[in-house]
Amino acid sequence: MSPPKLSEVYRTYQQPESVTMAAVMRQHGLKPVVLGETLAALSGMGIYVQAIRIMVPRSQVLEARALVAIIQAEAEIPVTDTLLNCPACNSVWEPGFEVCWQCQAQRG
Ligand SMILES: [Zn+2]
């Protein structure tokens, strides 16, 4: 079985942004593939010279683009170095909080 063709749905120079986008896509059942993340991290100092690209299988492009639009319209994309998913309910953890906004689980 060959891997599915991937299409780019989002591009950023901010790694935390790419992490957020990918996390939200996964929550919605998509299968994002983040390219360039490792190189961007290696460049260090928060200055990323290579764009980080989020790719999804072609069958998920429309849904992924809709999600990107919603995220950009409704949410300030948090700039933080750690963005985690709740171990209990898998919600994206709000940065700076010690408990999950969704289920109040304690940060592990
Ligand atoms: Zn939770």
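Residues numbered from 1 in each chain as written. Predicted model: local features only at pLDDT ≥ 70, side-chain atom pairs only at ≥ 80, totals over all residues.

*Asks:* Would you take a moment to explain the overall build of the protein for this structure?
*Replies:* Each helix and strand in the protein was counted, giving three helices and three strands. Secondary structure elements of the protein occur, N-terminal to C-terminal, as β-α-β-α-β-α. Here the protein holds 108 residues, and 21% of them are scored as buried. Contacts in the protein between residues far apart in sequence, at least 24 positions, make up 55% of those at least 6 positions apart. (Helix = DSSP H or I, 4+ residues; strand = E, 2+ residues; numbered from the N terminus. Buried ≥ 20, exposed ≤ 12 C-beta atoms within 10 Å, placed from the backbone. Contact = placed C-beta atoms within 7 Å.)

*Asks:* How should I be thinking about helix 1 (residues 15-27) in this particular structure?
*Replies:* Because each turn of an α-helix spans 3.6 residues, side chains separated by three or four positions in sequence point in the same direction. With 13 residues, helix 1 should reach 18 Å at 1.5 Å per residue; the first-to-last C-alpha distance of 18 Å fits that figure. For helix 1, the complete set of buried residues consists of Gln-15, Glu-17, Ser-18, Val-19, Thr-20, Met-21, Ala-22 and Met-25. Residue Gly-29 follows helix 1 closely and has a positive phi angle near 85°. (Expected span 1.5 Å × (residues − 1).)

*Asks:* Would you mind showing me how to read the nonpolar core here?
*Replies:* Inside soluble globular proteins, nonpolar side chains tend to come together where they are buried. Core analysis: the biggest nonpolar cluster contains eleven residues, these being Val-9, Tyr-10, Val-19, Met-21, Ala-22, Met-25, Ile-54, Met-55, Val-56, Ala-64 and Leu-67. Elements supplying a minimum of two residues to this core: strand 1 (6-12), helix 1, strand 3 (52-57) and helix 3 (61-74). Ranked by residues supplied to this core, first place goes to helix 1 with four residues. The contact partners of Tyr-10, leaving out residues within four places of it in the chain, are Met-21, Ile-54 and Val-68. (Core = buried A, V, L, I, M, F, W, Y, C linked by C-beta atoms within 7 Å.)

*Asks:* Even after reading the chapter, I still don't get the environment of Gln-106, so can you show me in this structure?
*Replies:* As for its placement among the helices and strands, Gln-106 is situated in the segment after helix 3. With 10 C-beta atoms counted inside 10 Å, the residue Gln-106 sits in the exposed group. Between the C-alpha atom of Gln-106 and that of Cys-86, which follows or precedes it by 20 residues, the distance is 8.7 Å. Each residue touching Gln-106, except ones within four places of it in the same chain, is listed here: Glu-98 and Val-99.

Any functional reading would require information that these geometric values do not contain.
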